[in-house]
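Chain by chain, the residues run as shown.
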Amino acid sequence: FDTVARVLDSSPAAARKLASRARAKIRIRIPEGPTADWQVVDAFLEAAKGGDFARLLHLLAPGVVLTADADAISAGTPQRLDGRDAVASMFDGGASAALPVFVEGRAGAAWYHLGSPRVIFDFTVESGRVTSIVFRAAPDVIATVIRRRGGEPVAPTGRRRVTSKPPPSSAQ
């Protein structure tokens, strides 16, 4: 570490500490125990948004089925897709407006438009693979959505929606 310290213009102890921190950052972290459903859903969303078709295929069970309720079909979702190639093709490079949520207590995602959830992606995960996705847009289902970060719910911020209209001016 003496040579590294001279190059960095620091002490050998500081160079050792920097090396230790660097090793910790690049160390592969292997989760202990089974993968949580939210981790699979989040990995799926990341792969979809990033256009990682191979990763999507890996996360989908071979017999995965995508279906939709009547409200979601009215909103423009497909009624049914069968098999991981069809489902992965639909999501590949997509889902940019989808955010992680809990729907009826399960990890899922929701397509948001103008700050409100419009279509829920209700995932079923078994043994670390997505076995089904149901697009749901019924108002009673939309009402159950809770934003999440990882496996934890996110409290509403109370932020107001941004609109293109300026606030009314007060006349004096």
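Our subject is the structure listed above.
Below or above, wherever it landed, is the structure these notes cover. (Residues numbered from 1 in each chain as written. Predicted model: local features only at pLDDT ≥ 70, side-chain atom pairs only at ≥ 80, totals over all residues. Heavy atoms only, no water.)

1. Some remarks on the sheet that holds strand 5 (residues 116-126)
Basically, it comes down to this: When DSSP finds at least two bridges between two strands, those strands are taken to pair. Comment: elements are numbered from the N terminus, with helices defined as DSSP H or I runs of at least four residues and strands as E runs of at least two. Two residues qualify as a contact provided that any one of their heavy atoms is within 4.5 Å of a heavy atom in the partner residue. Only C-alpha atoms enter the line fits that serve as axes; for helices the fit covers just the stretch in contact. Angles between N-to-C directions range over 0 to 180 degrees.
Across the sheet, 8 strands lie side by side as 2-1-6-5-4-3-7-8; this open sheet has mixed pairing. The open sheet has two edge strands with one neighbour each: strand 2 (80-82) and strand 8 (152-153). Pairing between strand 7 (residues 146-149) and strand 8: 2 bridges, direction antiparallel. Looking across to strand 8, one finds that Arg149 is bridged to Glu152. Across the sheet, helix 6 (residues 84-91) lies against strand 1 (60-68), strand 2, strand 5 and strand 6 (129-136), angled at about 60 degrees from strand 1, the strand it touches most.

2. Some points on the packing of aromatic side chains
Applied cut-off: Two rings from Phe, Tyr or Trp (for Trp, the six-membered ring) form a pair when their centres are within 6.5 Å of each other. A pair whose planes differ by under 30 degrees is stacked, one over 60 is edge-to-face, and the rest are tilted. Each residue's exposure class comes from its accessible area (1.4 Å probe, protein chains only) as a fraction of the maximum for that residue type: buried when under 20%, exposed when over 50%, partly exposed otherwise.
One pass over the structure, following the stated rule, counts 5 aromatic pairs. Seen in terms of ring centroids, Phe91 and Phe121 are 5.8 Å apart; in terms of plane orientation they differ by 70 degrees. Their pairing is edge-to-face. One end of the pair, Phe91, is in helix 6; the other, Phe121, is in strand 5, with 30 residues separating them in the sequence. Both residues of the pair, Phe91 and Phe121, belong to the buried class.

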